[in-house]
Amino acid sequence: MVEDYLKEDKGFSPRDVMEEASRCLLCLDAPCSANCPAGTDPGKFIRSVRFKNVEGAAETVRENNILAGICARVCPTEKYCELACSRTGIDKPINISMIQRYITDYESCTHMSVLKKAKANGKKVAVIGAGPAGLTAAGNLALRGFEVTVYEKESKAGGYLRYGIPEYRLPNKVVDEEVKRIEDLGVKFVFNTKVETSKLLDELKKSNDAVILALGFSKGKMLEMFEDNKKVKLAVDFLKQVKEKKGRVRVPESAVVVGGGDVAMDVSLTLKKLGCANVTDCAYEQFCEFRASKKELEHTREAGVTILDGYIPEKVTKSGQVTFAHRVIKSKVVIKAPLIVLAIGQVSDFSNLGIKLEDLNDPSYRIKNTNVFYAGDIAPGDKTVVYSVKTGKEVTKAVMSYLKMEVK
Amino acid sequence: MLKKDLSITFMGVKFPNPFCLSSSPVGNCYDMCAKAYETGWGGVVFKTIGPKHYLIDEVSPRFDALTKEAEPFVGFKNMEQIAEHSLEENLADLRKLKKNYPNNVLIASIMGSNEEDWEELARLVTEAGADMIELNFSCPQMTSHAMGSDVGSNPELCKKYCAAVRRSTHLPFMAKMTPNITDMCDPAIASLEGGADGIAAINTIKSIINVDLNKKVGLPIINGKSSISGYSGKAVKPVALRFIQQMKTNPKLKDAEISGIGGIETWEDAAEFILLGCKNLQVTTAIMQYGYRIVEDMKDGLARYMEKEGVDHLEDLVGLANKNIIPAEELDRDYKVYPVIDTDKCVGCGRCVISCYDGAHQAMEWNKETRRPHCNTTKCVGCLLCGLVCPVGAINAGERVLKEGRKPKNLKKLVLQDSFQKL
């Protein structure tokens with residue numbers, strides 16, 4: 001019920017975290033660290049925990065990853081650090097995300113403030129979008145003395161972190177805390193402000209030394225057959241509504257979810273937690289090629305969501321009867337439900353800025369001949385939070401070298 | 001469970017098996033000892049009985065543990081003294097135990113502050129029906145300096161008190177030694193000269209186990225203060241084995257019967273004490289942590305070991321390792337052993353490379369591409385630290401080479417300790 005939606009799983013106890021850190025082989029070359037896009041350096045922070053220096057671990061984590069508490073909860077670590085873990089050769093990888101969560105929870109409980117406000121360097125940057133990439137870039141720039149203003153279309157910072165990822169997986173309290181750390185570095189936020197025309201963008205370009213676009217993929221994809229169907233909702237809209245209302249949303253007895261990524265899992269599990277008895281998720285991919293992380297898939301199945309892999313929607317009626325066909329075998333499935341949620345991917349939404357996605361593929365993170373930079377989902381690479389942290393860090397360096405500043 | 005006769009005669013008394021509770025909190029009253037017998041312990045050393053005039057007044061709390069990573073008990077600190085029940089109650093418990101468990105061995109531990117005390121206590125426990133007596137010369141946390149480890153580090157006192165006990169009992173008795181001394185042989189020899197039939201070793205080691213960093217006081221904290229007291233558990237096993245070996249190889253003690261104590265948790269620990277010459281074994285710390293039930297696997301494991309060794313009498317294993325512990329100057333120093341790496345087992349953590357560089361001779365080299373180590377034998381001295389740190393047991397003893405200018409010998413095929421392979 002609502003409580004299930006609002007409650008996060010328990011974190012490690014001091015004993016649990018020591019037990020897990022003791023499993024770490026403390027590798028010579030820490031392949032986990034080499035495989036973290038954000039450079040959070042698990043090899044170093046796990047060693048600090050193992051040698052009873054949790055505060056030192058917190059410093060490592062926070063200095064390397066300004067959204068470390070969020071990443072600890074939402075990062076698909078099985079695809080990054082844990083994929084590289086040498087311990088896999090013995091049994092299973094170290095549970096790095098849970099160790100990181102213990103460290104950031106400790107940091108939060110003990111009110112540590114690792115990052116300190118820097119002396120102003122006289123340069124101004126505008127960041128458009130307060131999602132993971134925008135927040136990371138803003139924080140990292142502020143740490144180097146920039147005067148940073150973040151423009152955000154919503155009334156609060158966080159982007160998909162706040163308005164997308166369900167409360168049980170990422171409580172907004174954690175988002176608030178991480179945003180507060182960035183605010184404490186002197187970053188200014190201008191909310192309810194959508195930079196939606198090229199004229200507005202031009203003004204920011206003129207009044208700032210650089211502008212960073214961190215717009216994200218905030219618009220849910222639609223399929224033609226579902227357009228204007230009253231039974232259909234887009235996943236991003238559904239998740240946003242549930243999170244804003246803190247789970248106090250009526251759900252029907254049954255629902256169909258379309259999609260096989262983490263967002264589809266989030267929607268399915270959220271429905272289940274809110275009391276929807278029959279949730280069926282139909283995914284384009286078969287299990288052998290599934291996109292959602294193992295962890296999320298596992299949780300979703302444990303909760304009793306029926307997942308049909310390899311099925312694509314063929315047609316839908318106004319009354320909400322969807323026909324799916326299997327991509328490989330001869331099989332059709334017909335499900336009628338009062339709610340159909342589409343979680344088939346997201347797209348960017350900035351055509352009226354006079355910019356095309358194709359312009360955004362330079363390793364310098366800069367649009368040619370402008371002082372406009374970009375980071376996050378709209379930059380090339382994985383569409384994950386940790387990747388947004390990576391590009392958020394890298395765009396900071398790109399801005400500095402563009403402004404001929406020494407990059408440290 | 002393997003059926004095997006584990007009985008063994010120690011100081012003339014036949015034990016159904018060598019495992020005993022040591023004189024400590026684990027054998028503090030009738031009910032505890034009765035439960036221990038029922039669980040399968042061969043004997044109990046009832047918690048040390050003191051003289052009537054010595055009043056026990058304990059602190060609270062009184063224990064602390066040394067931990068490592070997620071390991072809850074590496075070592076254990078105890079501040080509890082001898083039995084806190086009245087002399088009459090203790091004697092009544094002894095009588096009842098002997099009456100209800102005639103086939104198990106009952107050992108009375110006693111401690112006096114002068115010859116009269118020792119004589120009196122020995123007489124009383126003999127009358128109560130004990131099968132043998134242990135003289136506690138070694139508790140390091142007594143509130144009286146006339147008692148405990150201050151006695152055990154003074155050979156003259158050991159001899160005098162043993163003689164006093166000898167005068168008042170016909171029972172066999174052993175003197176329990178303190179490790180808080182450079183050479184345990186002196187008090188042990190003095191005890192035998194005084195009339196003791198055997199030796200028990202070791203009692204706990206004087207210790208400060210942890211210091212509270214905020215309050216700046218040792219643990220456990222008793223109203224803001226702490227004291228030095230006895231340390232026990234797995235961590236002390238190597239110290240115990242060393243003292244026992246030194247006694248067993250001293251010409252005056254080689255025939256002495258020894259009850260081994262110090263960090264015994266498993267049948268393997270037990271077998272080690274037996275191989276170094278112990279005919280009897282005593283346990284406390286592991287019982288405090290896990291309960292009397294641990295004796296089940298100790299007995300079964302020991303029986304299986306006897307089976308593998310082709311031995312029908314436990315006696316036949318006693319002291320087999322003593323001859324293989326020799327002075328350092330007599331060890332063969334003519335060769336070195338290079339490590340051999342099992343690449344199928346290796347998981348590529350590189351810990352051997354780190355330890356070899358930082359703790360040995362920079363011989364283990366690292367291939368960054370394959371993420372695997374290999375040994376550069378021009379630098380390797382054959383210390384095999386690499387094998388000890390390897391978390392998967394992928395490194396073993398490999399090729400043996402003679403050092404330059406040494407004559408070849410007929411060496412048996414060298415294999416590293418079993419503990420290497422088990423990891």
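Q: What exactly am I supposed to notice about the overall build of chain B here?
A: Check the secondary structure of chain B and you find 13 helices and 20 strands. For chain B, whose C-alpha radius of gyration is 24 Å, the value lies close to the compact-globule estimate of 22 Å for 423 residues. In terms of overall dimensions, chain B has C-alpha extents of about 75 × 55 × 45 Å along its principal axes. Buried residues in chain B amount to 54% of all 423 residues. Within chain B, counting contacts between residues at least 6 apart in sequence, those at least 24 apart form 71% of the total. Only carbon and sulfur atoms are counted for the fraction: they give 51% of the accessible area of chain B, which is about 19,700 Å².

Q: Looking at this model, I keep getting lost on helix α4 (residues 42–50) of chain A. Mind explaining?
A: In an α-helix, one turn spans 3.6 residues; hence positions three or four apart end up facing the same way. Among the nine residues that make up α4(A), seven are buried, leaving the element largely enclosed by the rest of the structure. Among the residues making up α4(A), those that are buried are A:Pro42, A:Gly43, A:Phe45, A:Ile46, A:Ser48, A:Val49 and A:Arg50. Those residues of α4(A) hidden inside the fold are in contact with α2 (14–23), α3 (31–34), α5 (54–64), α7 (81–84) and α8 (96–109) of chain A together with β5 (63–68) of chain B. With its phi angle positive at about 60°, A:Lys52 sits one or two positions after the end of α4(A).

Q: Help me out: how do you make sense of empty space enclosed by the protein in this one?
A: Using a probe with the size of a water molecule, rolled over the atoms, empty space left in the structure can be pinpointed. Residue and element names in this part refer to chain B. Counting across every chain of the model gives seven cavities of 30 Å³ or more. Of the voids in this model, the largest cavity is the one considered here, and its volume is about 400 Å³. What lines the largest cavity is a set of 35 residues, and nearest its centre among them are Ser23, Ser24, Asn203, Thr204 and Thr284. Mapped onto the lining of the largest cavity, the elements with two or more residues apiece are β4 (43–49), β6 (71–78), β14 (229–232), β16 (278–283) and α9 (285–290). The leading source of residues in the lining of the largest cavity is α9, at three residues. Of the residues in the lining of the largest cavity, the class split is 13 nonpolar, 17 polar and five charged.

Q: Hey, could you run me through the packing of helix α2 (residues 87–100) of chain B against helix α3 (residues 115–128) of chain B in this one?
A: All names here are of chain B. Two elements in contact, α2 and α3, have axes whose closest approach is 8 Å; the angle formed by their N-to-C orientations is 35°. Residues Leu87, Leu91, Leu94 and Arg95 of α2 pack against Leu121, Leu124, Val125 and Ala128 of α3. Residues of the contact of α2 with α3, tallied by class, amount to seven nonpolar, no polar and one charged.

Q: Can you help me understand the packing of α2(A) against α4(A) in this one?
A: The description of two packed helices rests on the angle between their axes and on the distance between the axes. All names here are of chain A. The N-to-C vectors of α2 and α4 enclose an angle of 120°; their axes lie 9 Å apart at closest approach. Taken together, the axes of α2 and α4 are oblique relative to one another. Every pair of crossing elements has a handedness; the one defined by α2 and α4 is left-handed. Of the residues in α4, those in contact with Val17, Met18, Ala21 and Ser22 of α2 are Ile46, Val49 and Arg50. When the residues that make up the contact of α2 with α4 are grouped by side-chain class, the tally is five nonpolar, one polar and one charged.

Q: Just checking my understanding: could you explain the confidence of the model for chain B for this structure?
A: Residue-level pLDDT values for chain B average 94, and 96% of them are 70 or greater. The model gives residues 414–423 of chain B a pLDDT under 50, and that stretch makes 20 contacts with residues more than four places away or in other chains.

Q: Help me out: how do you make sense of the side chain of B:Thr178 in this one?
A: Residue and element names in this part refer to chain B. Mapped onto the secondary structure, Thr178 falls in the loop between β9 (173–176) and α6 (185–194). Here Asn180 takes part through its side chain, which lies 2.9 Å from a polar atom of the side chain of Thr178. When sequence neighbours within four positions are dropped, the list of residues in contact with Thr178 reads Phe137, Ser138, Ser149, Gly152, Ser153 and Met184.

Q: Sorry if this is basic, but what is going on with the sheet that holds strand β9 (residues 306–309) of chain A here?
A: Within a sheet, adjacent strands bond to each other through the backbone by hydrogen bonds, running parallel or antiparallel. Residues and elements named next belong to chain A. In spatial order, the strands read β6-β13-β7-β8-β9; together these five strands make up an open sheet with parallel pairing. Pairing within the sheet leaves two strands with one partner each, and these edge strands are β6 (232–234) and β9. If you compare each strand with its neighbour and ignore which way they point, the axes differ by 20° on average. Direction of pairing for strand β8 (residues 278–283) relative to β9: parallel, over a ladder of four bridges. Its bridge partner lying in β9, Cys282 is registered against Leu308.

Q: Honestly, the pattern of salt bridges in this entry has me stumped. Any pointers?
A: Side-chain pairs of opposite charge can arise where the charged atoms are in close proximity. Residues and elements named next belong to chain A. Counted under the stated rule, the structure contains 46 salt bridges over all chains. One salt bridge in this structure joins Glu107 and Arg181, with 3.4 Å as the shortest N-O distance. Of this pair, Glu107 sits in helix α8 while Arg181 is found in helix α11 (residues 172–184), placing the two residues 74 residues apart along the sequence. Considered together, Glu107 and Arg181 belong to a single accessibility category, that of buried residues. Of the charged contacts in the structure, one is a salt bridge between Lys173 and Glu177, with a shortest N-O distance of 3.3 Å. Placement of both Lys173 and Glu177 in helix α11 is noted, with a separation of four residues, approximately one turn of the helix. Classification of Lys173 by relative accessible area gives exposed; the value is 57%. Each member of the salt-bridge network shares a partner with another, and the members are Glu8, Arg73, Arg101 and Asp105.

Q: Looking at this model, I keep getting lost on the interface of chain A and chain B. Mind explaining?
A: How big an interface is tends to be expressed through the accessible area that disappears when the partners come together. Every contact between the two is made by 15 residues of chain A and, on the other side, 16 residues of chain B. Taken over both partners, the interface formed by chain A and chain B buries close to 1,200 Å², and the fraction arising from carbon and sulfur atoms is 61%. The three residues of chain A that bury the most area against chain B are A:Leu25, A:Leu28 and A:Asp29, which together make up 41% of that side's buried surface. Taken together, the connections running from chain A to chain B amount to two salt bridges. Taking the shortest distance from any N to any O, the salt bridge between B:Arg371 and A:Asp29 comes out at 2.6 Å. Scanning the region where chain A abuts chain B turns up four residue pairs in polar contact (both at pLDDT 80 or more). A breakdown of the residues in the side of chain A that touches chain B according to their chemical character gives seven nonpolar, three polar and five charged.

Q: It is not clear to me how the domain arrangement of chain A should be interpreted in this structure. Could you clarify?
A: Residue and element names in this part refer to chain A. Entries for chain A in the domain assignment read domain 1 (10–109), domain 2 (124–218 + 348–402) and domain 3 (220–345). Centre-to-centre separation of domain 1 and domain 3, based on C-alpha positions: 33 Å. Taken together, the contact pairs six residues of domain 1 with five residues of domain 3. Across the interface of domain 1 and domain 3, roughly 350 Å² is buried in total on both sides, 30% from carbon and sulfur atoms. At the junction of domain 1 with domain 3, the criterion picks out zero salt bridges. For the pair domain 1 and domain 3, the interface holds two residue pairs in polar contact (both at pLDDT 80 or more). Among the residues forming the side of domain 1 that touches domain 3, the class breakdown is two nonpolar, two polar and two charged.

Q: Is there a simple way to explain unusual backbone geometry in this structure?
A: Trans peptide bonds make up most of the peptide bonds, and negative phi angles are found at most residues other than glycine. Residues and elements named next belong to chain B. That bond from Ser60 to Pro61 is cis: its omega, -5°, falls within 30 degrees of zero. If you trace the backbone, Pro61 turns up in the loop between β4 and β5. Cis rather than trans, the peptide bond between Leu219 and Pro220 has omega equal to -5°. Tracing the backbone shows Pro220 in the loop between β13 (217–218) and β14. The backbone of Glu69 shows a phi angle near 45°, a positive value even though the residue is not glycine. Look at Glu69 and you get partly exposed, because its relative accessible area is 25%. You will see that Asn223, though not glycine, has its phi angle at about 50°, which is positive. One can find Asn223 in the loop between β13 and β14.

Calculation rules
Residues numbered from 1 in each chain as written. Chains lettered and ligands numbered in written order. Predicted model: local features only at pLDDT ≥ 70, side-chain atom pairs only at ≥ 80, totals over all residues. Heavy atoms only, no water. Helix = DSSP H or I, 4+ residues; strand = E, 2+ residues; numbered from the N terminus. Rg over C-alpha atoms; globule rule 2.2 N^0.38 Å. Buried < 20%, exposed > 50% of the residue type's maximum accessible area, 1.4 Å probe, protein only. Contact = heavy atoms within 4.5 Å. Areas by Shrake-Rupley, 256 points an atom, 1.4 Å probe, with all protein chains shown as cover. 1 Å grid on protein atoms, 1.4 Å probe; cavity = no way out; pocket = protein on both sides within 12 Å on 5 of 7 lines; lining within 4 Å. Points joined across faces, edges and corners; volume = space filled by probe spheres on them. Nonpolar A, V, L, I, M, F, W, Y, C, P; charged D, E, K, R; others polar. Axes fitted to C-alpha atoms, helices over the stretch in contact; angles between N-to-C directions. Parallel < 35°, antiparallel > 145°, perpendicular 65-115°, else oblique. Left-handed = near helix turned anticlockwise from the far one by under 90°. pLDDT = per-residue confidence, 0-100. Polar contact = N/O pair within 3.5 Å; in protein donor to acceptor, adjacent residues only side chain to side chain. Pairing = 2+ DSSP bridges. Salt bridge = Lys/Arg side-chain N within 4 Å of Asp/Glu carboxyl O. Buried area = accessible area lost by both parts, 1.4 Å probe. Domains from an automatic or database assignment.

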